[in-house]
Amino acid sequence: MFLIVGGDSEIGAAAHRAMKAQGLSVAATTRRRDRVASDRPFLDLAAPLHDWAPPPGTQAVCLCAAIARLAACADDPQGSAHVNVVQTLALAETCLARDIAVLFLSTNQVFDGRTPHERAAAAHSPVSEYGRQKARAETALLRQLESGAPVAILRLAKVVSDTMPLIGGWIKDLTAAKPIRVFNDLKLAPTPTDQVCTAIAAVLQDRARGIFQLTGPRDVSYADIGGFLAAYLDADTKLVNQTSARAAGLPEGATPPHTTLDSSRMRVHYGLDVPDVWDVVERVVANTRDQVASPTHA
């Protein structure tokens, strides 16, 4: 059996659904008592873990749970580090002691973003509190890996669902000839959620070891996406108002010049190749445009 820790998160919930659809035996933890079920064991990383044990028969676990908002980590570095570093590593130790393979979901935020397609082996260079915490957790897990433990790390950047609410909102406004505000210094290299789920399932089933990375092939700004949508929807491009994320007060580390990571190992091992950014955006448009246009979704 496989276990997703953090089944209440968007990625964790999606991975749980996708693996069940594949016919795999998989459970996902929840920190909500009302969601506990046979395949949804309770686990709260903010609470003591001394009595917690993975379900019997667990072969591999994916650690998805985290406090991931940059502002939340910056505002409470001690509290967020307790979850993202201390408790996460304690959970990993518990699993590794039972010979359960551990897959840790990490982030491009462990780097400063100055280098496009950053190599997996590059030294950590975080500039955000969240990135520093993830780098600390990675460092400890890599020491376990060096000692022979079945540890894998999967670094991601911007994961995009088929109905990304932000883009859906822009489509709704542009269709109604309303202006939108887009950041011209906030970059993303979108990765579809379903590809992330495929990557998680593959690494867990293989009990693979080492560092994997998965991002889109190139960065674009949110302003670029706004302009693309205006053209795609035949809307007035003057409706796309560009502004600065830095000037808007986004937290430290929110605007790296690059978010892309070298994803070649994932491509070679599992044939996963993230499509171009505009293919991803068109897919989001196709899945949201009818809903946005429908009066029942107004």
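All figures in this text were calculated on a predicted structure; none of them were measured in a lab.

## Let's talk about the overall build of the protein
Working step 1: A tally of helices and strands in the protein yields nine helices and twelve strands.
Working step 2: What you see for the protein is a C-alpha radius of gyration of 20 Å, in line with the 19 Å of a compact globule of 298 residues.
Working step 3: Counting only C-alpha atoms, the protein reaches 60 × 40 × 40 Å along its principal axes.
Working step 4: Counting the 298 residues in the protein, one finds 52% classified as buried.
Working step 5: Within the protein, contacts between residues at least 6 apart in sequence are counted, and of these 79% link residues at least 24 apart.
Working step 6: Only carbon and sulfur atoms are counted for the fraction: they give 49% of the accessible area of the protein, which is about 13500 Å².

## Details of the sheet that holds strand 3 (residues 60–63)
Working step 1: Reading across the sheet, the six strands line up as 2-1-3-4-5-10 and stay open at both edges, with parallel pairing between neighbours. Edge strands, defined here as strands with exactly one partner in the open sheet, are strand 2 (26–28) and strand 10 (210–214). This sheet shows a mean twist of 20 degrees between the axes of neighbouring strands, independent of strand direction.
Working step 2: With six bridges joining them, strand 4 (residues 101–107) and strand 5 (residues 151–156) adopt parallel strand pairing.

## Some details on the pairing of strand 5
Working step 1: The element strand 5 is extensively covered by neighbouring structure, given that six of its six residues are classed as buried.
Working step 2: Neither face of strand 5 is left uncovered, since the one carrying Val151, Ile153 and Arg155 and the one carrying Ala152, Leu154 and Leu156 both have all their residues buried.
Working step 3: Regarding topology, helix 4 (residues 129–146) serves as the crossover connection from strand 4 to the parallel strand 5, and that connection is right-handed.
Working step 4: In this sheet, strand 10 lies alongside strand 5 in parallel orientation, the contact comprising five bridges. Bridge assignment links arginine 155 to a residue of strand 10, and that residue is glutamine 213.

## Focus on the packing of helix 5 (residues 165–175) against helix 7 (residues 222–232)
Working step 1: At a closest axis distance of 10 Å, the pairing of helix 5 and helix 7 adopts a crossing angle of 40 degrees. Our classification of the angle between helix 5 and helix 7 gives oblique. For the crossing formed where helix 5 meets helix 7, the hand is right-handed. Counted together, Leu166, Ile167, Trp170, Ile171 and Leu174 of helix 5 and Tyr222, Ile225, Gly226, Leu229 and Ala230 of helix 7 form the full contact between these two elements.

## Details of unusual backbone geometry
Backbone geometry follows two general trends: most residues other than glycine have a negative phi, and most peptide bonds adopt the trans configuration.
Working step 1: At aspartate 99, a residue that is not glycine, the phi angle is positive and equals roughly 60 degrees.
Working step 2: By the secondary structure assignment, aspartate 99 is in the loop between helix 3 (77–96) and strand 4.
Working step 3: Positive phi is not limited to glycine here, since arginine 207 has a value of about 50 degrees.
Working step 4: Counting through the fold element by element, arginine 207 comes out in the loop between helix 6 (193–206) and strand 10.
Working step 5: We classify arginine 207 as partly exposed; its relative accessible area is 29%.

## Structural notes on the state of the cysteines
Working step 1: Scanning the model with the defined rule gives zero disulfides in all.
Working step 2: No disulfide involves cysteine 73; its sulfur sits 16 Å from that of cysteine 64, the nearest cysteine.
Working step 3: Free cysteine: cysteine 95, not disulfide-bonded; nearest cysteine sulfur from cysteine 62 at 11 Å.
Working step 4: The class of cysteine 95 is buried, set by a relative accessible area of 0%.

## A short note on the pattern of salt bridges
Working step 1: If you walk through the whole model with that rule in mind, you get 14 salt bridges.
Working step 2: Among the salt bridges present, the one from arginine 114 reaches aspartate 112, with a minimum N-O distance of 3.8 Å.
Working step 3: Looking at arginine 114, the relative accessible area reads 67%, which means it is exposed.
Working step 4: For aspartate 273, the salt bridge identified is with arginine 267, shortest N-O distance 3.6 Å.
Working step 5: For arginine 267, a relative accessible area of 37% corresponds to the partly exposed category.
Working step 6: Several salt bridges converge on common partners, so that one network encompasses Asp8, Arg35 and Arg40.

Each value, and the rule that gives it
Residues numbered from 1 in each chain as written. Predicted model: local features only at pLDDT ≥ 70, side-chain atom pairs only at ≥ 80, totals over all residues. Heavy atoms only, no water. Helix = DSSP H or I, 4+ residues; strand = E, 2+ residues; numbered from the N terminus. Rg over C-alpha atoms; globule rule 2.2 N^0.38 Å. Buried < 20%, exposed > 50% of the residue type's maximum accessible area, 1.4 Å probe, protein only. Contact = heavy atoms within 4.5 Å. Areas by Shrake-Rupley, 256 points an atom, 1.4 Å probe, with all protein chains shown as cover. Pairing = 2+ DSSP bridges. Axes fitted to C-alpha atoms, helices over the stretch in contact; angles between N-to-C directions. Right-handed = clockwise from strand over helix to strand, strands pointing away. Parallel < 35°, antiparallel > 145°, perpendicular 65-115°, else oblique. Left-handed = near helix turned anticlockwise from the far one by under 90°. Disulfide = S-S within 2.5 Å. Salt bridge = Lys/Arg side-chain N within 4 Å of Asp/Glu carboxyl O.

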